[in-house]
Amino acid sequence: MNVLVTGGAGYIGSHIVKMLLEDNNHVITLDNLSKGHREAVVGGEFIKGDLNNIQELKNIIQTKKIEGVIHLAADSLVGESMQNPEKYYRNNVCNGLNLLAAMQDCGVDKLVFSSTAAVYGEPEKVPIAEDHPTRPTNTYGDSKLFFEKIMHRYHQIHGLKYVSLRYFNAAGADLSGKIGEAHNPETHLIPIVLQKALGQRDNLAIFGDDYATADGSCVRDYIHVSDLASAHGLALKALQQGKEKAIYNLGNGEGYSVKEVIETAREVTGLPIEAKIADRRAGDPAVLIASSVKIKEELHWEPKYPELEKIISSAWQWHRKGGFSENG
C-alpha cells in the first residue's frame, strides 16, 4: 500500500514509518522538521514540507499514488497550547482541514489519526473507556477533539473512512536502538529521568507526593512506542478491509506511579538517580489509565512490551547511545 505519513520524522511517527516499511508498504514521509529529525526516517521517501499548502499536498497524493494517510503532524505541548492557542488551532485544525481537502480532491478516503487521552480531561472513572465524557482541560486536547468531530462530519458527508487513536503515555524506543525519543525541550517523564541518570540534567522533580495513590505520586499508563506503532498498522488494514470509522484508546491498562518509574529506572541503569519532591502542577490528575479492551477485541491488537522494565530498558539503550547525531 502507498501510505503518506505526516509528521513521520517525529518520535512516534518514525516508529510507525519503520513498522510500515517492515510490513512491505511503500511509505512517503512528509515533515517540516520543526520538531522531527531527518535521521529518524529509516527508509521510504522523505519530503520536507508542510500541511499549509493544499496544492503541494494534492501533488504529493497524486504523484505518489497515495492510498491511505496516517496523520501525526501536530503541535503537542499542553503548556504551550495554553499560552499560544492560535498556533494549536491553526496547525492541528486548519492544517488538518487542508489535508482532508487534498485527500477528498484526490479520491483518497482512508485516514488514521493521531489523537490523545487529553480529549477526556479530568477522568470521572478509571480505567478510561472510549465512551468516557470528553471535556478537554487544555487547547491541545481541544484541537484534537475538534478534529475528531471534523472527521466524523466528513465521514457523514464525504464518505471519509477513519480511525482515531487516542494515545496515553508513549514511551521507550525501538529495540534496534536506531530510533528513539528526542524532544527539545523534553517534557516526558521517562527520558527526563534517564537524562538525570546520564548527568544531562541537574534536577529531577516529583510533582506532588500527596495524591490519593499508593505512594502519593501520580499514576500514568505507559505504552511502548513500538506497540503504539503496530496499532496504526492494524487500523490501516481495518480501513482497507472495509471498516468505516472507529475511535480507540491506546494504553497498557496498567498504571505506574512517578516513584515507581524512577525506582525502575534505578534498577535498569544501576544508578542512584536522585529526585526531589516539588509542589503539584496545576491540572495533573492523580490517575490516568486506559481501557484498551475495544481495540484488542476489534483489531486483535496486543502489546508486546507491556512491562515497565522493558519500556525503560529500551529507552535507556537509546539515550545511552546518545540519540540522533544532529541534536544529541
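So, how was this worked out
Position numbers for residues start from 1 in each chain and track the written sequence from start to end. Side-chain atom pairs in this predicted model are given and counted only at pLDDT of 80 or more, local residue features only at pLDDT of at least 70, and totals for whole chains, interfaces and linings cover all residues. Only hydrogens and water are set aside; all other atoms, that is, all heavy atoms of the structure, feed into the side-chain values. Counting from the N terminus, the helices are the DSSP runs of H or I reaching at least four residues and the strands are the DSSP runs of E reaching at least two. Buried means the residue's accessible area, taken with a 1.4 Å probe over protein chains only, is under 20% of the maximum for its type, while exposed means over 50%, and partly exposed covers the values in between. Residue contacts follow a heavy-atom distance rule, with two residues in contact if any of their heavy atoms lie within 4.5 Å. Two N or O atoms count as a polar contact when they lie within 3.5 Å, although within protein this holds only if one can serve as hydrogen donor and the other as acceptor, and sequence-adjacent residues are included solely when both atoms are side-chain atoms. Pairing between two strands is assigned when DSSP locates at least 2 bridges connecting them. To qualify as a nonpolar core, a set must consist of buried Ala, Val, Leu, Ile, Met, Phe, Trp, Tyr and Cys residues joined through side-chain atoms within 4.5 Å. In this analysis an axis means a line fitted to C-alpha atoms, helices contributing only their contacting stretch, and an angle means the value between N-to-C directions, from 0 to 180 degrees. An angle below 35 degrees is treated as roughly parallel, one above 145 as roughly antiparallel, one from 65 to 115 as roughly perpendicular, and anything else as oblique. By the definition used in this description, the sense in which the near helix is turned from the far one sets the handedness, with an anticlockwise turn below a right angle giving left-handed and a clockwise turn giving right-handed. The rule is simple: put a 1 Å grid over the protein atoms alone, call a set of points where a 1.4 Å probe fits but cannot get out a cavity, call an open set with protein on both sides within 12 Å along at least five of seven lines a pocket, and count a residue as lining if it has an atom within 4 Å of a point. Grid points are joined across faces, edges and corners, and a volume is the space filled by probe spheres set on the points. Any residue that is not Ala, Val, Leu, Ile, Met, Phe, Trp, Tyr, Cys, Pro, Asp, Glu, Lys or Arg is counted as polar, Gly included; the first ten are nonpolar and the last four charged. The span expected for a helix works out to 1.5 Å for each residue beyond the first. Counted as salt bridges are all cases of a side-chain nitrogen of Lys or Arg within 4 Å of a carboxyl oxygen of Asp or Glu.

We now examine the environment of Asn 91. Looking at where Asn 91 falls in the secondary structure, it is placed in helix α4 (residues 85-106). A relative accessible area of 19% means that Asn 91 is categorised as buried. In this structure the C-alpha to C-alpha distance between Asn 91 and Ala 74, which are 17 residues apart in sequence, comes to 6.2 Å. When residues no more than four places from it in sequence are discounted, the contact partners of Asn 91 are Ala 74, Asp 75 and Gly 96. There is a polar contact of 3.0 Å between the side chain of Asn 91 and the side chain of Asp 75. A polar contact of 3.0 Å, which involves the side chain of Asn 91, links it to the side chain of Asn 95.

This brings us to the pairing of strand β6 (residues 161-167). Burial of β6 is extensive: 7 of the 7 residues sit out of reach of the surface. Burial of β6 is two-sided: the residues Lys 161, Val 163, Leu 165 and Tyr 167 facing one way and the residues Tyr 162, Ser 164 and Arg 166 facing the other way are all buried. In this sheet, β6 lies alongside strand β5 (residues 110-116) in parallel orientation, the contact comprising 7 bridges. What sits directly across from Phe 113, in β6, is Ser 164. Note that β6 and strand β11 (residues 245-250) share 6 bridges and pair parallel.

Looking now at the nonpolar core. Core analysis: the biggest nonpolar cluster contains 34 residues, and Ile 12, Ile 16, Leu 20, Ile 70, Leu 165 and Leu 250 have the highest contact counts within it. Sorting the residues of this core by element identifies β1 (2-6), α1 (11-22), β6, α7 (225-240), β11 and α9 (293-299) as the ones contributing at least two each. If near-sequence neighbours (up to four positions away) are discounted, Ile 12 is found in contact with Leu 72, Tyr 167, Ala 170, Val 225 and Leu 228. Listed in part, the 24 residues of the second largest apolar core include Leu 51, Ile 66, Val 69 and Leu 111.

A separate point is the sheet that holds strand β12 (residues 256-257). Ordered in space as β12-β9-β14, the 3 strands form an open sheet in which the pairing is mixed. Single-partner strands in this sheet number two, and they are β12 and β14 (287-288). Bridge count for strand β9 (residues 219-220) against β14 is 2 bridges, and the pairing is parallel. Bridging from a neighbouring strand, Val 219 pairs with Val 287 of β14.

The next point concerns the packing of helix α6 (residues 189-197) against helix α8 (residues 258-269). Pairs of packed helices are described in terms of their axes, by the angle between the two and the distance that separates them. Two numbers describe how α6 lies on α8: the axes approach to 10 Å, and their chain directions differ by 45°. Considering the angle they form, α6 stands oblique to α8. Crossing of α6 against α8: the hand is right-handed. Of the residues in α8, those in contact with Leu 189, Ile 190, Val 193, Leu 194 and Ala 197 of α6 are Val 258, Val 261, Ile 262, Ala 265 and Thr 269.

So, on to the layout of surface pockets. Empty space within the second largest pocket amounts to approximately 360 Å³. Looking at the lining of the second largest pocket, the element that brings in the most residues is α7, giving 7 residues. A per-class count over the lining of the second largest pocket returns 5 nonpolar, 4 polar and 8 charged.

Let us now look at the sheet that holds strand β4 (residues 68-71). As summarised here, the arrangement of the 7 strands in space is β3-β2-β1-β4-β5-β6-β11, forming an open sheet in which the pairing is parallel. Since the sheet does not close on itself, it has two edges, and those belong to β3 (45-48) and β11, each with one partner. Within the sheet, the average angular offset between the axes of one strand and its neighbour, ignoring direction, is 15°. Of the strands in this sheet, β1, β2 (26-31), β4 and β6 touch α1, which is tilted by about 165° from β2. The strands touched by helix α5 (residues 139-158) within the sheet are β4, β5, β6 and β11, with β5 carrying the most contacts at an inclination of about 155°.

Before going further, it helps to examine α1. The terminal C-alpha atoms of α1 lie 17 Å apart, and with 12 residues this matches the ideal 16 Å at 1.5 Å per residue to within 8%. With 10 of 12 residues buried, α1 lies mostly within the body of the structure. The set of residues buried in α1 consists of Tyr 11, Ile 12, Gly 13, Ser 14, His 15, Ile 16, Val 17, Lys 18, Met 19 and Leu 20. Buried residues belonging to α1 abut β1, β2, β4, β6, β7 (169-171) and α7. One or two positions beyond α1, positive phi appears at Asn 24, with a value near 65°.

Attention now goes to the pairing of β5. Side-chain direction in a regular strand flips from residue to residue, so the side chains alternate between the two faces of the sheet. For β5, a buried count of 7 out of 7 residues is recorded, marking the element as mostly surrounded by other parts of the structure. Neither face of β5 is exposed, since Lys 110, Val 112, Ser 114 and Thr 116 on one face and Leu 111, Phe 113 and Ser 115 on the opposite face are all buried. When β4 meets β5, the two strands line up parallel, connected through 3 bridges. Considered in β5, the bridge of Val 69 is made with Leu 111.

Right, let's talk about the pattern of salt bridges for a bit. Across all of its chains, the model carries 17 salt bridges by this definition. Between Glu 148 and Arg 166 there is a salt bridge whose closest N-O contact spans 2.6 Å. Remark: Arg 166 occurs in strand β6 and Glu 148 occurs in helix α5; sequence separation between them is 18 residues. You'll find Glu 148 and Arg 166 in the same group, each marked buried.

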